[in-house]
Structure formats: C-alpha cells, structure tokens
Amino acid sequence: MEVVHTIPELRAAVARARQAGKSVGFVPTMGCLHEGHLSLIRRAKQESGYVVVSIFVNPTQFGPNEDFAKYPRTFEDDRQGCEVAGASLIFAPSAADFYPAGASTWVDVEGISAGLCGEFRPGHFRGVATVVAMLFNAAQADVAVFGRKDLQQLAVIRRMVRDLHFPVRIIGHETVREPNGVAMSSRNRYLSAEQLTQATAIPSALSAAQALAKTGVTDAVKLRTAANDVLAAQPALKPQYCEIVDLETMAPVASTAGKRCAIAVACHLGATRLIDNADL
Ligand code: PAF
C-alpha cells in the first residue's frame, strides 16, 4: 500500500492501476478510522480492483465553535487499518496544498442541505460538498463508498453527483454499530464509558419508531413521539432534532405512506454531538 500527499502522485498511481486493467474505488475519510470506515474500505475492495482512501481533516466543514483543532489525528493507526482492510493507496494531502491559496470556489447543494444537520451546522454541507468534489476530481474513481450513518451527507453527495455529472457511482454502506448498538463514530472517542451507555437511548429511540412503523403506523408525529419518549427518558441526552424525512430529499414528511423514509436524530451528550438514523 502506497501513501501519497499530492494530486499528481495520486493521479499517476490511479493511471497505473487503470493501465493494469483495474477499476478504482474510493473511500473519503477524515481519519481516526474505526470499524465503520474499515467496512467501507472492504466494500470498496469488493467493488473495485484498486482502492484509494483519502485521509484529510477538512477545515471548511467545521464551524468556528466546532472541534476541528481537537479532531483526533491518528495517522499511524489509520495507515495500518487501511492496509489490513485492503486499501491500495492513502491520499493524505496537507490543507495548504489541497486548498490553493485564495481558493474561492464552493459547491453549495441547496435545499437538501438546509434542514437537519444543515440547520444547526451552517456551512457544514457546503464544506463537505466542496471537498468531496475536489477529492472526486483528484481521485477520478469509478465508485465511491460512504457510510449511511451520515444520511444527509450521503443524500447531498448523491445530489451533487447527479447535478454536476460526476462519473462516479455512489454506494451507501450500512452503519456499523458498537456491541451496545451505538453507531460507530470517530467522535465516540470523546465519550466516557458512562456516556457510551447513555448513548444507547439513541438506537433504542430509532428502534421504537421502527417497531411502530412495522405495525402500520405512517403518521410522522406518532413515529417521532415514539422516538422522543425514549430520548426523553435519558436526561443526559439533549436532542437537537428528531425528524421523519424523505430519503431522497431529506425533507420532513407528515406521513411515510408510499415513500421511502427514515428517522434521523441528532443529540448532544455532554460536549459531544451524535447523529444516527434508521429506515422506516
Ligand atoms: O464523512 C466524512 O468523514 C467527511 O465528511 C468526508 C466525506 C470525508 C468529507 O470531508
């Protein structure tokens, strides 16, 4: 497995892989890799002969009061994880090289970015869409794999790819969970053992809504209430939103009847913000 830091090195390596007849898979990450990321890499490996993993803590997707400075950087562990999971190459640019001085171009995926996390993290999806567009241009992969835990991010990327005609197929891969059901996230590192237990109320809330939906209930207020009741029973959790949304548009729905929908939740637990979702 190679590690490169510049776009010309990345493009040369990808060109060599293509000359060798391999298709190219891509997994963009911000590092601090956990089993969820490794499952994305393994999925990309099933889909393509050559797998590029980017590791780049993207400054433009963090708000001024967010955790950019303290976001965990664990490159050596990440390198080993990528190798074991079957990556062919890590692309780890520096922010100074990757964003040209005076960069002033943004990709803003309107509408779909506005609600849910977009409401509470202004500018976040503009930063994500911009860096992912830059990474797609750099890697020129055939297929890219994203985790379904970041459901709105996945919808934003799908829309961007559709609207801007990026020649890349997007795969949304299932959320990987801790043994107690909490969705894996790099930010779980910030949680104490007690908080990790308290966080189980989030998947329990999603399960409550799913169980109600299975009985035939389609009314979004009832489904949301089922989830909110579970969240409210855990006082350490401070819910930010709990919405029933259309999977393609991310718009809140009044009823799930005849639509592909999900329940999406964001909560603060101490200083840590956690998100999760489930199909309904
Ligand atoms: O999901 C992430 O880790 C990031 O948002 C991504 C897609 C790598 C863009 O920086």
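Residues numbered from 1 in each chain as written. Predicted model: local features only at pLDDT ≥ 70, side-chain atom pairs only at ≥ 80, totals over all residues. Heavy atoms only, no water.

Asker: In this structure, what is going on with the overall build of the chain? I would like to understand it.
Answerer: Regarding its fold elements, the chain presents 10 helices and nine strands. In terms of its C-alpha atoms, the chain occupies a principal-axis envelope of roughly 55 × 40 × 40 Å. Taken across its 280 residues, the chain has 53% of its residues classed as buried. Counting only contacts in the chain whose residues sit at least 6 apart along the sequence, the fraction spanning at least 24 positions is 72%. Entry remark: accessible area of the chain is about 12700 Å², with carbon and sulfur atoms responsible for 53%. Distance between charge centres in the chain, computed from 28 positive and 27 negative side chains, equals 3 Å. (Helix = DSSP H or I, 4+ residues; strand = E, 2+ residues; numbered from the N terminus. Buried < 20%, exposed > 50% of the residue type's maximum accessible area, 1.4 Å probe, protein only. Contact = heavy atoms within 4.5 Å. Areas by Shrake-Rupley, 256 points an atom, 1.4 Å probe, with all protein chains shown as cover. Lys, Arg positive; Asp, Glu negative; His and termini not counted. Charge placed at Lys NZ, Arg CZ, Asp CG, Glu CD.)

Asker: Sorry if this is basic, but what is going on with helix α10 (residues 220-232) here?
Answerer: For the α-helix, the turn length of 3.6 residues means that residues three or four positions removed from each other point alike. Here α10 contains 13 residues, and its C-alpha end-to-end distance of 18 Å stays within 8% of the 18 Å for a straight helix at 1.5 Å per residue. On its buried side, α10 packs onto α9 (201-214), β7 (237-246) and β8 (261-269). The N-terminus of α10 is capped by D219, whose side-chain oxygen sits 3.2 Å from the backbone nitrogen of V221. (Expected span 1.5 Å × (residues − 1). Polar contact = N/O pair within 3.5 Å; in protein donor to acceptor, adjacent residues only side chain to side chain.)

Asker: Where do I start with the pairing of strand β3 (residues 50-55) in this structure?
Answerer: Working note: regular strand, side chains alternate between the two faces of the sheet. Across the six residues of β3, six count as buried, placing the element largely inside the fold. What you see with β3 is no split at all: Y50, V52 and S54 on one side and V51, V53 and I55 on the other are buried throughout. Here six bridges tie strand β2 (residues 24-29) to β3, and the two strands are oriented parallel to one another. In the sheet register, G25 faces β3, and the bridge partner there is V51. (Pairing = 2+ DSSP bridges.)

Asker: Help me out: how do you make sense of the pattern of salt bridges in this one?
Answerer: Charged atoms that come close allow side chains of opposite charge to pair. The full count for this structure, using the stated rule, is 15 salt bridges. We note a salt bridge from E35 to R42, for which the minimum N-O separation is 2.2 Å. Taking the shortest distance from any N to any O, the salt bridge between D150 and K149 comes out at 3.8 Å. With relative accessibility at 15%, the residue K149 sits in the buried group. (Salt bridge = Lys/Arg side-chain N within 4 Å of Asp/Glu carboxyl O.)

Asker: How should I be thinking about the sheet that holds strand β6 (residues 169-173) in this particular structure?
Answerer: Strand pairing in a sheet takes place through backbone hydrogen bonds and is either antiparallel or parallel in direction. Ordered in space as β1-β4-β3-β2-β5-β6, the six strands form an open sheet in which the pairing is parallel. Of all the strands in the sheet, the pair left with one neighbour each is β1 (2-4) and β6. Pairwise comparison of adjacent strand axes, ignoring direction, gives a mean angle of 25 degrees for this sheet. Against the sheet, helix α1 (residues 7-19) makes contact with β1, β2, β3 and β4 (89-91), and its axis sits at roughly 165 degrees relative to β3, the strand it touches most. (Axes fitted to C-alpha atoms, helices over the stretch in contact; angles between N-to-C directions.)

Asker: Please explain helix α6 (residues 124-139) as it appears in this structure.
Answerer: The terminal C-alpha atoms of α6, which comprises 16 residues, lie 22 Å apart, in line with the 22 Å expected from a rise of 1.5 Å per residue. Judged by how many residues are buried, α6 sits mostly within the fold: 14 of 16 residues are covered. Q140 sits one or two positions beyond α6 and adopts a positive phi of about 50 degrees.

Asker: Can you help me understand the sheet that holds strand β9 (residues 272-279) in this one?
Answerer: Taken together, three strands build an open sheet; the order of strands is β7-β8-β9 and the sheet is antiparallel. Each edge of the open sheet carries a strand with a single partner, namely β7 and β9. In this sheet, neighbouring strand axes are inclined to one another by 15 degrees on average, regardless of whether the strands run parallel or antiparallel. Summarising the sheet, β7 and β8 pair through nine bridges and their orientation is antiparallel. In the sheet register, C242 faces β8, and the bridge partner there is V265. Along the sheet, α9 contacts β7, β8 and β9; its crossing angle with β9, the most-contacted strand, is approximately 25 degrees. Relative to the sheet, α10 contacts β7 and β8, its axis offset from that of β7 by approximately 155 degrees.

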